[in-house]
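Fold and contact review
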Amino acid sequence: MSSVSLRRRTPIAAIATAMALLLTASCSGGGSTTGAGSTEAGGQEQPKAAPPTIKIAPAKGTTKVRPDKTVVVAASGGELESVTVSARGKTVEGDFDTARSRWRSKEPLRPGTTYTVQAKATGQGGPAQVTSTFTTLKPKSTLAIADVTPAIKGETLGVGAPIIVTFNQPVQDKAAVERALKVEAEKPVPGAWRWISDNQVIYRTAKFWPAHQKVTFTARLTGVHSGPGTWGATDRTTTLKIGAAWISTVNVKTHTMIVRKDGKIVQRMPISAGKATTREYTTTNGTHLTMERGSPVVMTSPGRKKGDPGYYREVVEHAVRISNSGEYVHSAPWSVGSQGRANVSHGCINASPSQAKWFYDNFHRGDVVNITGTDRELEWNNGWGFWQLSFKQWKKGSALTT
C-alpha cells in the first residue's frame, strides 16, 4: 500500500516543478524585450525625423538675375532660424512670414553683383544650414543722380525752396524712378514731383516749408529699372536745412519792398521797378524765389549789340537773381532819386547801395519775393517760378497717379 502511494505523488511534484520553471522563463523573456527599447507592437522601432529642407531662389549659381527679382528662402519640416543675403559688406532687408517658414527680400538688388545667401532652420530632426550664391545681370547702362539743387553743404535755404533732381541720362520709366524718390521733413507738409524733362524732376510742397527744420531727400535707385537695359546702381541721400521764413513783398505801384523774417518786418525799402515802356522792361508779377547772387554782375540788353537802339551794359553790385529773364534785386546808385517815387529800371528791382547790400548779405536760395502791381505774369518755368502754378496744376506733372 505504501509503495503504490509513493509512485502516484511523484508525477504531481514533477509537474509543479516544470510549471515553476516555465513561469520563471516567461518573466525573464518579458524583461529582455523592454530593455531593447521597442516602442511598437511586434518589437519594431519608429524611424528618426529628418532635418528641415531649405530651398533658395534664385537657385545656386544662377547668373544674369534681374535686380528687381525677389529673393525667397523657404523651409519645410521646420522653421527658419536666420536668413542673411549679402554682397560687398551690405545686407538685403527682408521679412519672415508668421510661421517663419518663408523669408522674402523687400528691396531691389544691385546690378552686376554676386550675392551670398546663408540660411539656418530648426526642426524635430535637428538643425539644417545652407549657403548659396547667385549673380545679378550687368546692365548696359546705369542710372544715377548727376545733381541735386539747392544742396550746397552747410547751406541754409528759404521756405520756398524746391528740390531739383537731375539724372545722368534720360529716364524712360518715370513712374518707377519717381517711386524711388522720398522726401521726409521734420515738419511734414504735402508735396509732389513734377517732371520738366526726361532727365529732370522737381519737388515742390503744397505750401511753403515750415521754417527751421531739416528735410531729407533719398533716392533709392539701386535695382530700379528705368528703361531698356538701364538700371539704377547706387542710392543717394541729401539733407536740406530750411531756415527762417524770409518773405519779401514788392508793390510796384507804391514803389516799396517790405522784408519779413518769420512774420516780423525787418526792413522797409524804397525801390524802383521796371519802367514798363515795353514788355521786356516790365517787372514780372507773381511769386519769385531767390536763386543766386553775384557782386559784381554785368547786365546787358538781351538780343542787342552795342550801337543798337536800347542797348545797355551795366555793372551792378550786390545783385540777387529772382528769375531767368534777367530780374534781380540789386544796388542802383544811379536811380536813388527815383526809388520810392517812380519806376525807371529795365525790369529789375533797384534799391539803394546800403539796403541792396543788406538784402544781399541776408538772402538764402529759396527765399520768397512776391511782386504785385504789374500786368506781366511770371511764367512758372521762368527760373524758379514754380509757385505760379497751383498745387493741383503742379501735381499733373507727376508720373504717378493719385
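Residues numbered from 1 in each chain as written. Predicted model: local features only at pLDDT ≥ 70, side-chain atom pairs only at ≥ 80, totals over all residues. Heavy atoms only, no water.

**A few points about the overall build of the protein chain**
- Counting its regular elements, the protein chain contains 4 helices and 30 strands.
- Here the protein chain holds 402 residues, and the buried ones make up 42% of them.
- The long-range fraction of contacts in the protein chain, counting pairs at least 24 apart against all pairs at least 6 apart in sequence, stands at 64%.
- Summing over all exposed atoms, the protein chain offers an accessible surface of approximately 21600 Å²; the carbon and sulfur share of this is 52%. (Helix = DSSP H or I, 4+ residues; strand = E, 2+ residues; numbered from the N terminus. Buried < 20%, exposed > 50% of the residue type's maximum accessible area, 1.4 Å probe, protein only. Contact = heavy atoms within 4.5 Å. Areas by Shrake-Rupley, 256 points an atom, 1.4 Å probe, with all protein chains shown as cover.)

**Let's talk about the sheet that holds strand β22 (residues 264-270)**
- If you walk across this open sheet you meet the 5 strands as β22-β21-β20-β30-β23, and the pairing is mixed. Each having just a single partner strand, β22 and β23 (286-289) make up the two edges of the open sheet. Averaged over all pairs of adjacent strands, the angle between strand axes in this sheet comes to 20°, irrespective of strand direction.
- As judged from the 5 bridges shared by strand β20 (residues 246-251) and strand β30 (residues 368-372), these two strands associate in the parallel manner. Bridging from a neighbouring strand, I247 pairs with V368 of β30.
- Along the sheet face, helix α3 (residues 353-362) touches β20, β21 (256-261), β22 and β30 and points at about 140° away from the line of β22. (Pairing = 2+ DSSP bridges. Axes fitted to C-alpha atoms, helices over the stretch in contact; angles between N-to-C directions.)

**Things to note about the nonpolar core**
- With 41 residues, the main nonpolar core has I163, F167 and F217 as its most contacted residues.
- Here this core gets 4 residues from one element, more than from any other, and that element is strand β12 (residues 163-167).
- Aside from chain neighbours lying at most four places away, what touches I163 is V148, T149, V183, W193, V201, I202, Y203, W209, F217 and L240.
- Counting 20 residues, the second largest nonpolar core, distinct from the first, contains V252, M269, V329 and F359. (Core = buried A, V, L, I, M, F, W, Y, C linked by side-chain atoms within 4.5 Å.)

**With respect to empty space enclosed by the protein**
- A full pass over the atoms with the stated rule returns 1 cavity of 30 Å³ or more.
- Empty space within the largest cavity amounts to approximately 40 Å³.
- The wall of the largest cavity is formed by W246, I247, S248, V259, F359, N362, F363, D367 and V368.
- Considering every element that reaches the lining of the largest cavity, the biggest residue donor is β20, with 3 residues.
- When the residues that make up the lining of the largest cavity are grouped by side-chain class, the tally is 6 nonpolar, 2 polar and 1 charged. (1 Å grid on protein atoms, 1.4 Å probe; cavity = no way out; pocket = protein on both sides within 12 Å on 5 of 7 lines; lining within 4 Å. Points joined across faces, edges and corners; volume = space filled by probe spheres on them. Nonpolar A, V, L, I, M, F, W, Y, C, P; charged D, E, K, R; others polar.)

**Some remarks on the confidence of the model for the protein chain**
- The share of residues in the protein chain with pLDDT of 70 or more is 88%, and the mean pLDDT across the chain is 90.
- In the predicted structure, residues 1-39 sits below a pLDDT of 50 and forms 6 contacts with residues beyond four places in sequence or in another chain. (pLDDT = per-residue confidence, 0-100.)

**Details of the pattern of salt bridges**
- Counted under the stated rule, the structure contains 9 salt bridges.
- Note that R365 and E155 form a salt bridge whose closest N and O atoms lie 2.7 Å from each other. Pair noted here: R365 is in the loop between α3 and β30 and E155 is in the loop between β10 (145-149) and β11 (156-157), with a separation of 210 residues, a long-range link. This pair shows no difference in class: R365 is buried, exactly as E155 is. (Salt bridge = Lys/Arg side-chain N within 4 Å of Asp/Glu carboxyl O.)

**Quick word on the pairing of strand β2 (residues 72-76)**
- The buried count for β2 comes to 4 of 5 residues, which makes it a mostly enclosed element.
- Where strand β1 (residues 53-57) meets β2, 5 bridges bridge the pair, whose relative direction is antiparallel. By the bridge assignment for β2, T53 is matched with S76.
- Relative to strand β6 (residues 102-105), β2 runs antiparallel, the two being bridged by 3 bridges. Within the sheet, the bridge partner assigned to V72 lies in β6 and is R104.

**Some details on the side chain of T374**
- Mapped onto the secondary structure, T374 falls in the loop between β30 and α4 (391-395).
- Residue class for T374 comes out buried when judged on its relative accessible area of 17%.
- There is a polar contact of 3.3 Å between the side chain of T374 and the backbone nitrogen of R376.
- Setting aside chain neighbours within four positions, we find T374 in contact with V252, T282, T283, T284 and N285. (Polar contact = N/O pair within 3.5 Å; in protein donor to acceptor, adjacent residues only side chain to side chain.)

**Observations concerning the sheet that holds strand β8 (residues 126-135)**
- Taken in spatial order, the 4 strands of this open sheet run β4-β3-β7-β8, and their pairing is antiparallel. This sheet does not close on itself; its edge strands, each paired only once, are β4 (90-91) and β8.
- In this sheet, β8 lies alongside strand β7 (residues 114-123) in antiparallel orientation, the contact comprising 10 bridges. Within β8, the position partnered with K120 by the bridge is Q129.

**A short note on α3**
- Among the residues making up α3, those that are buried are Q355, A356, F359 and Y360. Along the long axis of α3, the arc covered by the buried residues comes to 140°, so they all point the same way. (Arc of directions from axis to C-beta.)

**Some details on the packing of aromatic side chains**
- Counted under the stated rule, the structure contains 9 aromatic pairs.
- For the pair Y115 and F134, a centre-to-centre distance of 5.6 Å together with 15° between the ring planes defines the contact as stacked. In this pair, Y115 sits in strand β7 while F134 sits in strand β8, placing the two residues 19 residues apart along the sequence.
- The residue whose ring lies beneath R194 is W380, and the NZ or CZ to ring-centre distance is 4.7 Å. (Phe/Tyr/Trp six-rings, centres within 6.5 Å; stacked < 30°, edge-to-face > 60°. Lys NZ or Arg CZ within 6 Å of the ring centre and 35° of its normal.)

**Looking at the environment of K153**
- Its place among the elements puts K153 in the loop between β10 and β11.
- Each C-alpha atom, one on K153 and one on T239, is 8.8 Å from the other, the two residues being 86 residues apart in sequence.

**Remarks on unusual backbone geometry**
- The residue after A57, namely P58, is reached through a cis peptide bond having omega 5°.
- Here P58 is to be found in the loop between β1 and β2.
- Here K64, not a glycine, exhibits a phi torsion of approximately 60°, which is positive.
- Relative to the assigned elements, K64 resides in the loop between β1 and β2.
- Judged by its relative accessible area of 69%, K64 falls in the exposed class.

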